[in-house]
Amino acid sequence: MKSLKTAMIAILATTSSIAPALADMAKALGAGEGQVDIVAWPGYVENGSSDKAYDWVTDFEKATSCKVNVKTAASSDEMVTLMNQGGFDLVTASGDASLRLVAGKKVQAINTDLIPNWKNVDERLQSAPWNTVEGVHYGTPYQWGPNVLAYNTNVFKEAPKSWSVVFEEQNLPDGKSNKGRVQSYYGAIAMADAAVYLMSKKPELGIKNPYELNKDQYAAVVALLTGQRALVGRYWGDAAVQVDDFKNEGVVASSSWPYQVNLLQADKKPIASTIPVEGATGWSDTTMMHVDAKHPNCAYMWLNHSLEPKVQGDVAAWFGSVPAVPAACKGNALLTDAGCETNGFANFDKIYFWRTPTGKCEAEGTCVPYSQWSKDYVAVQGK
Amino acid sequence: MPQPLSTLFFRKPGLLTAVVMAPPLLWLVVVYLGSLAALLLQSFYALDDFSGLIIHEFTLSTYAHLFDEANYQIILRTLTMSAAVTVASVIIAFPIAYYAARFATGKMKAFFYLAIMMPLWSSYLVKIYAWKLILAKEGIITWVATNLHAQWLIDGILSIPAIGGSSLSFSYIGTFLVFVYIWLPYMILPIQSSLERVPTSFIEASADLGATPRQTFRNVIFPLAFPGVVAGSIFTFSLTLGDYIVPQIVGNSRLMIGQAVYTFQGTSGDIPLAAAFTVVAMIIMGIYLTLAKRLGAFDAL
């Protein structure tokens, strides 16, 4: 009798906590509203105007009569700001934005039954912590990718095994010091790269999650990065500038994205990339729907369209990312069958996906928040 | 009987002025001063270090943060760079402006105007990226130096502590050179126009009274052209003070004020600190403009 009561309470508790989220969720789809407004990363929603071969919008517009309007955003913060202002239906949010949007109640739960292509989605991404909260899906995965260690193959005959080549002073295989020849990303989120390295290098710190650091762990990260400053001529922010740094500035090892590595390889430069034994950070983006979306039917149609293997493969080829739909990896002319592997498909388990560090955290109770990371990383670079 | 509008305006001339001036005034007050006021207001808020959220309560703690070692260094660095760029611009611009104003005639004068103005016609970004290629470790300057067996010279310059670095484009020297190149026309033009306004009769009178050319320059021409120098320096100083693109592309990742504003506002959401940095830049320019006004710079524009 008692156990029944407990069970009843448990059921009540679960349903009541999920109910508000589910109540607003769409039950069925109606006709399209004629348009859909999307906030996206540059290159994420292409209609053929950049390159005729890369177009996953025109067919959608013809088939659904939903005109696609895109507003590109350059940073996660800009995306959050735009969604807070409203007037958009969808956003392609990275992990350092998606949970903020959920917490701010700016995005709505998604009814996956209305998205036939949901079954195509990589199972590893379907209920990832950056798109699913308490079992409720807030959007469909779009693309992901690792932050790789790019290196010069003339200097490294074998791929470097550890991130230490960019973090600690040492002689590289060509006998010269790494001083002035390595780079790191300029944004504070790059501090997580150092945290990932310290997880293996100094296990006594007990770092469980590179985005959840207590004061001591954080101090160790800052100390490592302060030492690294002497090795780094300039931190990279712009992908095109980093490509140039590899070509003309004698940079031989740096954290990077598959995008730059693909560009450099296409240019026949001796550059390759690897994910060292410590693992790596990465990003995973989710298409999320605004809580007050004016065009929900067109938005659902786009969500479904965005999970078509053809679309997924084309985006991955254009952006240098990994599709959220594994079926996209085969038979795509633009991506080619080797594309997924090149962009990091097999490395999912080695990746700690980007999240915004917050004051409250699971691993340590209280953690150092992102605003502090930001201030300290500026100070480190100024040293 | 209803009055025609023209009669009304004729009787009350103030009304016509009000109607005509209202839209631009509204623009100035609401959009320009309004955003400045919002900025000022933001700088008196602070970010909660724990949650990363902005606390909407009056506090001076954000301004106190400006005196943290890292932030204070940013301000100092930017001021030093702006001053260095301004001084170098004056030294380079004055002889050019002097020749263009006093000696060049006809085709030569047209050539000078074109040569000074031409860089302003191409995109600012293109010029900066071009300079990155010139200054790169494997760029044009290094190539020339290697062929002249003068690589030791570049290595020597780069090994100077503080301003050196691993490559010209990764150092303060590089940032400085690009700034001087980009803003030089803004220095040349006001100096040239103030030199052109020095009456020839003054110079002749000076010579007639027995002054040597050097004395004439020191006592007649330079004092009269000085307001133009100050006017030009307003441009070079303020443009360097606020720029965030040049040091981002050519530099060593040590932030300047403009980049700090961009970083704190754009990536970390710390709008109060970004606003406080902006206020610093405004105060510096306020002081600079007051001094410039005393030196007569605005008469030269």
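Keep in mind the model is a prediction, meaning the values are calculated, not measured.

Asks: How should the overall build of chain B be read in this particular structure?
Replies: In terms of regular secondary structure, chain B is built from 14 helices and two strands. A principal-axis box enclosing the C-alpha atoms of chain B has dimensions of 85 × 65 × 35 Å. The burial tally for chain B puts 35% of its 301 residues in the buried class. Sequence-distant contacts, at least 24 apart, represent 70% of the contacts inside chain B between residues at least 6 apart.

Asks: What should I look at first to understand the overall build of chain A in this one?
Replies: Helix and strand content of chain A: 14 helices and 15 strands. Taking the principal axes of the C-alpha coordinates as reference, chain A spans close to 65 × 60 × 35 Å. Taking all 383 residues of chain A together, the buried fraction comes to 50%.

Asks: Mind showing me how you'd approach the nonpolar core here?
Replies: Residues Met 191 of chain A together with Phe 277 of chain B are the most contacted members of the largest nonpolar core, which totals 168 residues. Broken down by element, the residue count for this core peaks at 16 residues, all from helix α9 (residues 172–196) of chain B. Each residue touching Met 191 of chain A, except ones within four places of it in the same chain, is listed here: Val 221, Leu 225, Trp 373 and Tyr 377 of chain A.

Asks: I keep staring at the interface of chain A and chain B and nothing clicks. Help me out?
Replies: Accessible area lost on assembly of the parts is the figure often given for the size of an interface. Opposite the 26 residues of chain A that make contact, chain B presents 33 residues. Of all the secondary-structure elements, those providing two or more residues to the side of chain A that touches chain B are α9 (239–248) and α14 (370–382) of chain A. Per-element accounting of the side of chain A that touches chain B gives the leading share, eight residues, to α14 of chain A. Across the side of chain A that touches chain B, the residue classes break down as eight nonpolar, 14 polar and four charged.

Asks: When you look at the packing of α9 of chain A against helix α10 (residues 258–266) of chain A in this model, what are you seeing that I'm missing?
Replies: In helix packing, the relevant descriptors are the interaxial angle and the interaxial distance, both defined with respect to the helix axes. Residues and elements named next belong to chain A. Interaxial distance between α9 and α10 falls to 10 Å at its minimum, and their mutual angle equals 45 degrees. As the angle between them shows, α9 and α10 are arranged oblique. Relative to α10, α9 is oriented so that their crossing is right-handed. Between α9 and α10, the residues in contact are Ala 239, Gln 242, Val 243 and Phe 246 and Tyr 259, Gln 260, Leu 263 and Leu 264, respectively. A breakdown of the residues in the contact of α9 with α10 according to their chemical character gives six nonpolar, two polar and no charged.

Asks: For this particular structure, what's the right way to read unusual backbone geometry?
Replies: Glycine aside, residues mostly have negative phi, and peptide bonds are mostly found in the trans state. Residues and elements named next belong to chain B. For Ala 162, which is not a glycine, the phi torsion comes out positive at approximately 70 degrees. Relative to the elements of secondary structure, Ala 162 occurs in the loop between α8 (151–158) and α9. The backbone phi angle of Ser 253 is positive, close to 75 degrees, even though this residue is not glycine. Within the secondary structure, Ser 253 is located in the loop between α12 (246–249) and α13 (257–267).

Asks: Got a minute to help me understand the confidence of the model for chain B in this structure?
Replies: Close reading of the predicted structure is inappropriate where its pLDDT is low. With 95% of its residues at a pLDDT of at least 70, chain B reaches an overall mean of 88. Predicted complex metrics record ipTM = 0.74 and pTM = 0.77.

Asks: Sorry, what's going on with the pairing of strand β11 (residues 280–289) of chain A here?
Replies: Within a regular strand, side chains alternate between the sheet's two faces. All names here are of chain A. Where burial is concerned, most of β11 is hidden: 10 out of the 10 residues are buried. Bridge analysis of strand β6 (residues 140–146) against β11 gives six bridges, and the strand direction is antiparallel. Bridged to Thr 140 within β11 is Thr 287. For β11 and strand β13 (residues 351–353), the ladder comprises three bridges, and the chain directions are parallel. Looking across to β13, one finds that Gly 282 is bridged to Phe 353.

Asks: Can you walk me through the sheet that holds strand β9 (residues 253–256) of chain A in this structure?
Replies: Within a beta sheet, neighbouring strands are joined by backbone hydrogen bonds and run either parallel or antiparallel to one another. Residue and element names in this part refer to chain A. Read from one edge to the other, the open sheet built from four strands follows the order β8-β9-β7-β10, with strand pairing classed as mixed. Looking at which strands have only one partner, the edges of the open sheet turn out to be β8 (182–183) and β10 (271–274). When strand β7 (residues 148–152) meets β10, the two strands line up antiparallel, connected through four bridges. If you follow Asn 152 over to β10, its bridge partner there is Ile 271. Where α10 meets the sheet, it contacts β7, β9 and β10, and its direction lies at approximately 150 degrees from that of β10.

Asks: I'm lost on the pairing of strand β2 (residues 67–72) of chain A in this one. Help?
Replies: All names here are of chain A. As paired elements, strand β1 (residues 35–40) and β2 share six bridges and run parallel to each other. Counted as the bridge partner of Asp 37 is Asn 69 from β2. In this view, the connection linking β1 to its parallel neighbour β2 by way of helix α2 (residues 58–64) has right-handed handedness.

Asks: Help me understand the environment of Ser 6 of chain B, please; the structure alone is not making it clear to me.
Replies: Relative to the helices and strands, Ser 6 of chain B is located in helix α1 (residues 5–11). Along the sequence, Ser 6 of chain B and Leu 16 of chain B sit 10 residues apart, while their C-alpha atoms lie 9.4 Å from each other.

Asks: Looking at this structure, I do not really get the environment of Val 243 of chain A. What am I missing?
Replies: Residues and elements named next belong to chain A. As for its placement among the helices and strands, Val 243 is situated in helix α9. Along the primary structure Val 243 and Gln 260 are separated by 17 residues, whereas in three dimensions their C-alpha atoms are 6.0 Å apart. In contact with Val 243, not counting residues within four places along its chain, are Gln 260, Leu 263 and Leu 264.

Asks: Please explain helix α4 (residues 69–102) of chain B as it appears in this structure.
Replies: Working note: α-helix, 3.6 residues per turn, so residues spaced by three or four point in the same direction. Helix length check: α4 of chain B, at 34 residues, gives a terminal C-alpha distance of 49 Å against a target of 50 Å (1.5 Å per residue), a fit within 8%. Roughly 30 degrees is the biggest bend found in α4 of chain B, and it falls at Ala 93 of chain B, with proline Pro 95 of chain B one to four residues downstream.

Asks: Please clarify how the packing of helix α11 (residues 213–242) of chain B against helix α14 (residues 271–294) of chain B should be interpreted in this entry.
Replies: Residue and element names in this part refer to chain B. It is at 11 Å that the axes of α11 and α14 come closest, and there the two elements cross at 175 degrees. Here α11 lies roughly antiparallel to α14, going by the angle between them. Two secondary-structure elements touch here, α11 through Val 230, Ile 234, Phe 237, Ser 238, Leu 241 and Gly 242 and α14 through Ala 281, Ile 284, Met 285, Tyr 288, Leu 289 and Ala 292. When its residues are assigned to classes, the contact of α11 with α14 shows 10 nonpolar, two polar and no charged.

Asks: I'm lost on the environment of Asp 292 of chain A in this one. Help?
Replies: Within the secondary structure layout, Asp 292 of chain A lies in the loop between β11 and α11 (296–306). Note: C-alpha distance between Asp 292 of chain A and Lys 106 of chain A (186 residues apart in sequence) is 8.0 Å.

Calculation rules
Residues numbered from 1 in each chain as written. Chains lettered and ligands numbered in written order. Predicted model: local features only at pLDDT ≥ 70, side-chain atom pairs only at ≥ 80, totals over all residues. Helix = DSSP H or I, 4+ residues; strand = E, 2+ residues; numbered from the N terminus. Buried ≥ 20, exposed ≤ 12 C-beta atoms within 10 Å, placed from the backbone. Contact = placed C-beta atoms within 7 Å. Core = buried A, V, L, I, M, F, W, Y, C linked by C-beta atoms within 7 Å. Nonpolar A, V, L, I, M, F, W, Y, C, P; charged D, E, K, R; others polar. Axes fitted to C-alpha atoms, helices over the stretch in contact; angles between N-to-C directions. Parallel < 35°, antiparallel > 145°, perpendicular 65-115°, else oblique. Left-handed = near helix turned anticlockwise from the far one by under 90°. pLDDT = per-residue confidence, 0-100. Pairing = 2+ DSSP bridges. Right-handed = clockwise from strand over helix to strand, strands pointing away. Expected span 1.5 Å × (residues − 1). Bend = angle between axes of the 7 residues up to and from the residue.

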